[in-house]
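Below, each chain spelled out in residue letters.
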Amino acid sequence: MSTNIIALRIDDFTAKLVESLIKYKLADNKADALRWIMQRGIQNTKRFIERKERSELIIKTWKEKGLPDLPQNLSEISIKERK
């Protein structure tokens, strides 16, 4: 694949998105992160990062407090919801 090098300045919001993409291992480096943003758009990238952050918060809570208690009749509830 042929590539071109372009130097550009980005705003703080975009820089935070780039860092988040790298943090969540969705991109290996800044160039990959910017490619991700260009291909998917800023709003889609922002929503994706927000979902990752919410997931990380849930996992952190579960690690600290343990898994939530599930109802004893969970199988029955699941079957009823599918009908």
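Quick look at the structure, then. This structure is a prediction, so every number in the text was calculated from the model and none was measured.

Rules used in this analysis
- Residues numbered from 1 in each chain as written.
- Predicted model: local features only at pLDDT ≥ 70, side-chain atom pairs only at ≥ 80, totals over all residues.
- Heavy atoms only, no water.
- Salt bridge = Lys/Arg side-chain N within 4 Å of Asp/Glu carboxyl O.
- Helix = DSSP H or I, 4+ residues; strand = E, 2+ residues; numbered from the N terminus.
- Buried < 20%, exposed > 50% of the residue type's maximum accessible area, 1.4 Å probe, protein only.
- Phe/Tyr/Trp six-rings, centres within 6.5 Å; stacked < 30°, edge-to-face > 60°.
- Lys NZ or Arg CZ within 6 Å of the ring centre and 35° of its normal.

Per the counting criterion, the structure on display carries three salt bridges. Here Asp-32 and Arg-35 are joined by a salt bridge, their closest N and O atoms 2.4 Å apart. One end of the pair is Asp-32 and the other is Arg-35, both in helix H2 (residues 30–40) and three residues apart, which spans about a single turn. On the basis of relative accessibility, which here comes to 37%, the residue Arg-35 falls in the partly exposed class. Between Glu-50 and Lys-46 there is a salt bridge whose closest N-O contact spans 3.8 Å. Of this pair, Glu-50 and Lys-46 both sit in helix H3 (residues 42–65), separated by four residues, roughly a single helical turn.

Here the focus is the packing of aromatic side chains. What the rule picks out here adds up to one aromatic pair. Positioned above the aromatic ring of Trp-36 is the side chain of Arg-40, whose terminal nitrogen or guanidinium carbon lies 3.6 Å from the ring centre.

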